[in-house]
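Coordinates in review
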Amino acid sequence: MTIRKPQMILIDVDGTLVDSVPDLAWCVDEMMKTIGRAPWGEERVRDWVGNGVERLVRRALSGSLYGEPSDQEFERAYPLFLELYAENASKRSCLYPGVREGLDYLKSQGYRLGCVTNKAAQFTLPLLRDLGVHDDFGIVVSGDTLPVKKPDPGPLLHAAKHFGVAPEDALMIGDSVSDVKAARAAGFQIVCMSYGYNHGEDIRNHDPDLVIDSMVELQQLL
């Protein structure tokens, strides 16, 4: 599959730019301990990341991807998690290998770059700043920027409108089924990273246009 040269490239955060699981897992485990429950550990939490922190907390409390805790338990635990994560959004997280080089290449070629994530702005913006990539993006669309988030195409179309780019001239880079669905619905091309957080499932099963192992590969691709 070849990728048509886009005018704009939107990039997801968790599992694409940033390995944020170390911080998220630490916060989940501290939350669990605070409410008198056993911690899960990083490997288990890794399969639950990717749909925003509210969904992550519900998964941690219920112990499953689609489970729902009681309202009472959620209302007790969620504020604890938010407090922990506000202080720990970037202490253990890091850019994936090849991300800095990939962004530098895209900027050198004059691509308009945006960031589209389901993570709330209060966590997204400090994380991007702390890891030194915030200023690479002409727009950051967070999970609470609009009334909808991925897999709804709204955030992608919002960014395209911001740059004045038609969907067919746009590329999304992500790592999950949510990114693929959003891109398809928006009429974007979609490239996925092989290393991301797709709930433990191979992203190739969801037929993105291409799967790559490092953002360095964008130099050959584009």
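Residues numbered from 1 in each chain as written. Predicted model: local features only at pLDDT ≥ 70, side-chain atom pairs only at ≥ 80, totals over all residues. Heavy atoms only, no water.

Some details on the overall build of the protein chain
The helix and strand inventory of the protein chain stands at nine helices and eight strands. Seen along its three principal axes, the alpha-carbon backbone of the protein chain occupies a region of about 50 × 30 × 30 Å. When contacts within the protein chain are restricted to residue pairs at least 6 apart in sequence, long-range pairs at least 24 apart make up 64% of them. Approximately 9600 Å² of the protein chain is accessible, and the part contributed by carbon and sulfur atoms is 49%. In the protein chain, 23 positive and 33 negative side-chain charges are present, and the distance between their average locations comes to 2 Å. (Helix = DSSP H or I, 4+ residues; strand = E, 2+ residues; numbered from the N terminus. Contact = heavy atoms within 4.5 Å. Areas by Shrake-Rupley, 256 points an atom, 1.4 Å probe, with all protein chains shown as cover. Lys, Arg positive; Asp, Glu negative; His and termini not counted. Charge placed at Lys NZ, Arg CZ, Asp CG, Glu CD.)

Some remarks on the pairing of strand 4 (residues 112-116)
Strand 4 sits mainly inside the fold: four of its five residues count as buried. Bridging between strand 1 (residues 8-11) and strand 4 involves four bridges; their strand directions are parallel. If you follow Ile 9 over to strand 4, its bridge partner there is Leu 113. In this region the chain leaves strand 4, passes through helix 6 (residues 121-130) and returns to the parallel neighbour strand 5 (residues 139-141); the handedness of that crossover is right-handed. (Buried < 20%, exposed > 50% of the residue type's maximum accessible area, 1.4 Å probe, protein only. Pairing = 2+ DSSP bridges. Right-handed = clockwise from strand over helix to strand, strands pointing away.)

What about the pairing of strand 7 (residues 189-193)?
By the criterion of burial, strand 7 is predominantly enclosed, with five of the five residues buried. Judged by which residues are buried, strand 7 turns out to be covered on both faces: Gln 189, Val 191 and Met 193 on one side and Ile 190 and Cys 192 on the other are all buried. The parallel pair strand 6 (residues 170-174) and strand 7 is bridged by helix 8 (residues 177-186), and the resulting crossover is right-handed. Of the strand pairs in this sheet, strand 7 and strand 8 (residues 210-212) are connected by three bridges, and their pairing is parallel. Residue pairing across strands places Val 191 opposite Leu 210, the latter belonging to strand 8.

Examining the nonpolar core
Counting residues in hydrophobic clusters, the biggest one holds 53 residues, and the most contacted among them are Ile 9, Ile 11, Leu 17, Phe 81, Leu 103, Leu 106 and Phe 137. Of all the elements, helix 1 (residues 21-34) adds the most residues to this core, at seven residues. Within the second largest apolar cluster, 20 residues are counted, among which are Leu 10, Phe 163, Met 172 and Cys 192. (Core = buried A, V, L, I, M, F, W, Y, C linked by side-chain atoms within 4.5 Å.)

Quick word on the sheet that holds strand 4
The six strands are arranged 5-4-1-6-7-8 in an open sheet whose pairing can be described as parallel. Two strands lie at the open edges of the sheet, namely strand 5 and strand 8, each paired on one side alone. Pairs of neighbouring strands in the sheet enclose a mean axial angle of 25 degrees, with direction left out of account. Of the pairings in the sheet, the one linking strand 4 to strand 5 comprises three bridges and is parallel in character. Pairing of Gly 114 across the sheet is with Ile 139, part of strand 5. Of the strands in this sheet, strand 1, strand 4, strand 5 and strand 6 are in contact with helix 7 (residues 154-163), which crosses strand 5 at around 160 degrees. (Axes fitted to C-alpha atoms, helices over the stretch in contact; angles between N-to-C directions.)

Considerations on the environment of Leu 157
Topologically, Leu 157 is positioned in helix 7. The exposure class of Leu 157 is partly exposed, given its relative accessible area of 35%. In this structure the C-alpha to C-alpha distance between Leu 157 and Ala 183, which are 26 residues apart in sequence, comes to 9.3 Å. Discounting residues that sit within four places of it in the chain, Leu 157 has contacts with Pro 167, Ala 186 and Phe 188.

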